Amino acid sequence: MSLPVAKSFSSSDGQATNKEQKGTIQLEKKFEAALPNNRCYKRNLRHAFNVLNIIKYKLSLPAGVIETSATYYQRTLDRNIIKGRSIGAFAVASSYVACREFGIPRQLREIANVANVNPVIARKCYRILLRDLELNLPFVDCDMFLSKIAKDLLINKKTYQRGLEILEMVKENFLLYGKDPNTIAAAVLYVACLKEGEKIIQSRIAAAGNISIVTLRKRAIDVIKVISCVKEDLKR
C-alpha cells in the first residue's frame, strides 16, 4: 500500500510536486533493501525524504548530498533518537551535516528556512545528531564567509587581514566545535574590528551574517577565550 505524502511538505492542492515526488521515490528505491518491514518506520522515512527533496531542489544540492543526508537520517531513526522529536528538524540537521562533509557552504538557518522548519529546533537536533552519532565533521573553511561579510560591510583591508589571522587561531578549537561557520566568521570579524579600533555596531555585523545580536555576542566571547588560550600556550 502506498504511503501518504505529508501535507506540510506538499503543494497547495495537497499533492507533492512531480520533482519532489520523483526524488522521494528514487530515495525509497535506493534504501528499500535495507528497510525493515515496518509501516510506521517507512512512513517516517518517507516524510523525511519529502523534506530532503524540497531542500535539494530549493538549494540546488547534488544528489550525493541528499543521499548522504538520508543515510544520516536513517541512522537516527534506527537508534530511536527521533522519537518524540521533529522529523523535519532532523531532516534539516542531516542535510546540514552532509553539506559540511561535502564542503558546501550552506547555513543551517538557510536550510531550515527552505524546509519551513524552526531554525532553533533544527540546531538542537543538529547537536543531538553530532553527539549521539559521534560525528567528527571537518571544519568548513570560514574564509569565504569572512570575505563576504567584510565585503558587504566595507571593512578596511587591515581589519580583514586581522580577521584572517584570528580565524587561523580559532580553527578546530573545541569551544567552537559544531558551531555554524558563518556565525564564527561574523564573530571573528567583530573581534577583529574591536582590536583594530574600527567602529561598527553589532547589529550591522549580525545583519550581514544573518544571525542574531545575541548569537554574535556569544560566539565573540568564545573567540576571545580561544585567543587567550592560544596566547597562554605560546608563552609556555
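Residues numbered from 1 in each chain as written. Predicted model: local features only at pLDDT ≥ 70, side-chain atom pairs only at ≥ 80, totals over all residues. Heavy atoms only, no water.

Quick notes on the overall build of the protein
Secondary structure assignment for the protein yields 11 helices and 0 strands. N-terminal to C-terminal, the α/β element order of the protein is α-α-α-α-α-α-α-α-α-α-α. Looking at the 236 residues of the protein, the share that counts as buried comes to 50%. Contacts in the protein between residues at least 24 apart in sequence constitute 74% of all its contacts with a sequence separation of at least 6. Entry remark: accessible area of the protein is about 12500 Å², with carbon and sulfur atoms responsible for 51%. (Helix = DSSP H or I, 4+ residues; strand = E, 2+ residues; numbered from the N terminus. Buried < 20%, exposed > 50% of the residue type's maximum accessible area, 1.4 Å probe, protein only. Contact = heavy atoms within 4.5 Å. Areas by Shrake-Rupley, 256 points an atom, 1.4 Å probe, with all protein chains shown as cover.)

A few points about unusual backbone geometry
Even without a glycine there, the phi angle at L154 is positive, about 55°. Structurally, the position occupied by L154 is in the loop between α7 (143–153) and α8 (157–170). Phi at N210 is positive, roughly 60°, even though this residue is not glycine. Positionally, N210 belongs in the loop between α10 (202–208) and α11 (213–235).

A look at the environment of Q161
Within the secondary structure, Q161 sits in helix α8. On the basis of relative accessibility, which here comes to 35%, the residue Q161 falls in the partly exposed class. With 14 residues separating them in the primary sequence, Q161 and S147 have C-alpha atoms 10.0 Å apart.

A few points about the side chain of S95
Its location among the elements puts S95 in helix α4 (residues 87–102). Of the residues examined, S95 reaches a relative accessible area of 0% and is grouped as buried. At a separation of 3.0 Å, a polar atom in the side chain of S95 contacts the main-chain carbonyl oxygen of A91. Those residues within four positions of S95 in sequence are excluded, and the remaining contacts are L52, I55, S69 and I111. (Polar contact = N/O pair within 3.5 Å; in protein donor to acceptor, adjacent residues only side chain to side chain.)

A short note on the nonpolar core
The biggest cluster of nonpolar side chains holds 43 residues, and the ones touching the most others in it are I55, L61, Y73, F90, V92 and Y126. Top contributing element to this core by residue count: α4, with 10 residues. Dropping the residues within four chain positions of it, Y73 is found in contact with N44, L45, A48, I82, I87, F90, A91 and S94. L167, I184, L216 and A220 belong to the second largest nonpolar core, which has 31 residues in total. (Core = buried A, V, L, I, M, F, W, Y, C linked by side-chain atoms within 4.5 Å.)

Description of α7
Restricting attention to buried positions, one finds in α7 the residues F145, L146, I149, A150 and L153. Buried residues of α7, seen end-on, are gathered within an arc of 125° and therefore sit on one face of the element. On its buried side, α7 packs onto α8, α9 (181–196) and α10. Two residues or fewer after α7 comes L154, characterised by a positive phi angle close to 55°. (Arc of directions from axis to C-beta.)

Side note on the pattern of salt bridges
Evaluation of the coordinates by the stated rule reveals 6 salt bridges. The partner of R106 in a salt bridge is E110, and the shortest N-O contact between them spans 2.5 Å. Of the residues examined, R106 reaches a relative accessible area of 24% and is grouped as partly exposed. One salt bridge in this structure joins R162 and E196, with 2.6 Å as the shortest N-O distance. Taken together, the residues span a long stretch of sequence, with R162 in helix α8 and E196 in helix α9 at a distance of 34 residues. Through salt bridges with shared partners, a single network forms among K158, R162 and E196. (Salt bridge = Lys/Arg side-chain N within 4 Å of Asp/Glu carboxyl O.)

Quick word on the packing of α4 against helix α6 (residues 119–132)
Between α4 and α6, the least distance of the axes is 8 Å, while the angle of their chain directions is 60°. Here α4 is positioned oblique relative to α6, judged by the angle of their axes. The crossing of α4 and α6 is right-handed. Residue-level inspection shows A89, F90, V92, A93, S94, Y96, V97 and R100 of α4 in contact with α6, the latter providing I121, A122, C125, Y126, I128 and L129. (Axes fitted to C-alpha atoms, helices over the stretch in contact; angles between N-to-C directions. Parallel < 35°, antiparallel > 145°, perpendicular 65-115°, else oblique. Left-handed = near helix turned anticlockwise from the far one by under 90°.)

Things to note about the environment of A91
Inspection of the secondary structure assignment puts A91 in helix α4. Judged by relative accessible area, which is 0%, A91 ranks as buried. Separated by 44 residues in sequence, A91 and H47 place their C-alpha atoms 9.2 Å apart. When near neighbours in sequence (up to four residues on either side) are disregarded, A91 contacts A48, V51, L52, I55 and Y73.

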